[in-house]
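A look at the structure
Next come the chains, spelled out residue by residue.
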Amino acid sequence: MSEGVEWALHSCVNLAWSGPERAVSAARLAAWHDLPAAYLNKQLQALARAGILTSAPGPRGGFKLARPLAAISLMDVVAAVEGPEEAFRCAEIRRQGPGAGEPAADAADCAIAHAMTRAELAWRRALAAQNLDEIRQQAERQAPEAPARLRAWLATR
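Residues numbered from 1 in each chain as written. Predicted model: local features only at pLDDT ≥ 70, side-chain atom pairs only at ≥ 80, totals over all residues. Heavy atoms only, no water.

Next up on the list: the side chain of Ser-11. In this structure, Ser-11 sits in helix α1 (residues 3-18). Using a relative accessible area of 4% as the deciding quantity, one classes Ser-11 as buried. Residues in contact with Ser-11, not counting those within four places in the same chain, are Leu-29, Leu-40 and Leu-44. (Helix = DSSP H or I, 4+ residues; strand = E, 2+ residues; numbered from the N terminus. Buried < 20%, exposed > 50% of the residue type's maximum accessible area, 1.4 Å probe, protein only. Contact = heavy atoms within 4.5 Å.)

Printed below as a string of C-alpha cells:
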C-alpha cells in the first residue's frame, strides 16, 4: 500500500476538522504535514473521482468532504487511491521451470493463491467495517487540541 493512502486518510480527517464550509487547497493540506503538494493533489483528485471529496477550482477553491466521515470507510479511501485490483496476483510460478508438475496435477487452485485470497478478503472486510469518523474520534482522544490547532493555522493565511 502506498503512502498516498495514509496522506488521503489524514487529509479527510483534516478536512472534517477544518469545517464543512471551508474548502482547503491541496497546497495547504500538504503544508500542514510537510508533504509534496503535487503528489497529495493526485490523491485528493482520486478521492474526488470516487465521490469522497468535492473540488472547486479558483483562488478560493479547494477540497471539501462530499459526505460525512461516518459514511466513508477506510476501504473506500484505499480503493480510491490504490484502485480496485487485488493486492496479491498469482502468476502460477508453480507451473514454470524444473519444478513444474504435470498439468493434470496442477489442476487445483494454487494453495498460496487461495490463502492470499482469504487473507485479502479478511483485510478488505476489516477496512470496510471501519469508518473515518471512528478514526477522527480516536485521533481527537489522542490529541484533543488538534482540530483547533488546524483551524487556527488555516485562518492565518
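Now, onward.
It is worth spelling out the pattern of salt bridges at this point. In total, this model carries seven salt bridges according to the counting rule given. Across the pair Asp-133 and Arg-136 runs a salt bridge whose closest N-O atoms are separated by 2.7 Å. Within this pair, Asp-133 and its partner Arg-136 are both found in helix α6 (residues 132-142), separated by three residues, close to a single helical turn. Of the two residues, Asp-133 and Arg-136, neither departs from the other in class, the shared state being buried. The structure contains a network of salt bridges with shared partners spanning Glu-92, Arg-94 and Arg-95. (Salt bridge = Lys/Arg side-chain N within 4 Å of Asp/Glu carboxyl O.)

So, on to the packing of α1 against α6. Two elements in contact, α1 and α6, have axes separated by 10 Å at closest approach and are oriented at 75°. When the axes of α1 and α6 are compared, the pair comes out roughly perpendicular. Judged by residue contacts, Leu-9, Cys-12, Val-13 and Trp-17 of α1 engage Leu-132, Ile-135, Arg-136, Ala-139 and Glu-140 from α6. Residue composition of the contact of α1 with α6, by class: seven nonpolar, no polar and two charged. (Axes fitted to C-alpha atoms, helices over the stretch in contact; angles between N-to-C directions. Parallel < 35°, antiparallel > 145°, perpendicular 65-115°, else oblique. Nonpolar A, V, L, I, M, F, W, Y, C, P; charged D, E, K, R; others polar.)

Here we come to helix α4 (residues 74-82). For α4, the set of buried residues is Leu-74, Met-75, Val-77, Val-78, Ala-80 and Val-81. Where α4 is buried, its residues meet α1, α3 (37-49), α5 (111-129) and α6. Measuring from the backbone nitrogen of Met-75 back to the side-chain oxygen at the start of α4 gives 3.3 Å, which picks out Ser-73 as the cap. Phi turns positive one or two residues past the end of α4, at Gly-83, with a value near 95°. (Polar contact = N/O pair within 3.5 Å; in protein donor to acceptor, adjacent residues only side chain to side chain.)

Let us look at the packing of α3 against α4. Two numbers describe how α3 lies on α4: the axes approach to 8 Å, and their chain directions differ by 115°. Between α3 and α4 the crossing geometry is right-handed. Taken together, the residues of α4 that come into contact with α3 (itself represented by Gln-43, Ala-46 and Leu-47) are Val-77, Ala-80 and Val-81. (Left-handed = near helix turned anticlockwise from the far one by under 90°.)

This paragraph deals with the pairing of strand β1 (residues 53-56). Summarising the sheet, β1 and strand β2 (residues 62-65) pair through four bridges and their orientation is antiparallel. Among the inter-strand pairings, Ala-56 is bridged to a residue of β2, identified as Gly-62. The turn linking β1 back onto β2 is made up of five residues, and Gly-58 within it adopts a positive phi angle of 100°. (Pairing = 2+ DSSP bridges.)

Turning our eyes to something else, we now look at unusual backbone geometry. Excluding glycine, most residues fall at negative phi; most peptide bonds, likewise, are trans. Positive phi outside glycine occurs at Asp-34, with the angle close to 55°. Secondary-structure assignment places Asp-34 in the loop between α2 (26-32) and α3. Even without a glycine there, the phi angle at Glu-92 is positive, about 55°. In this fold, Glu-92 is placed in the loop between α4 and α5.

A few words now on the environment of Ala-100. For Ala-100, the position within the fold is in the loop between α4 and α5. Among all residues touching Ala-100, those that are not within four sequence positions of it are Arg-94 and Arg-95.

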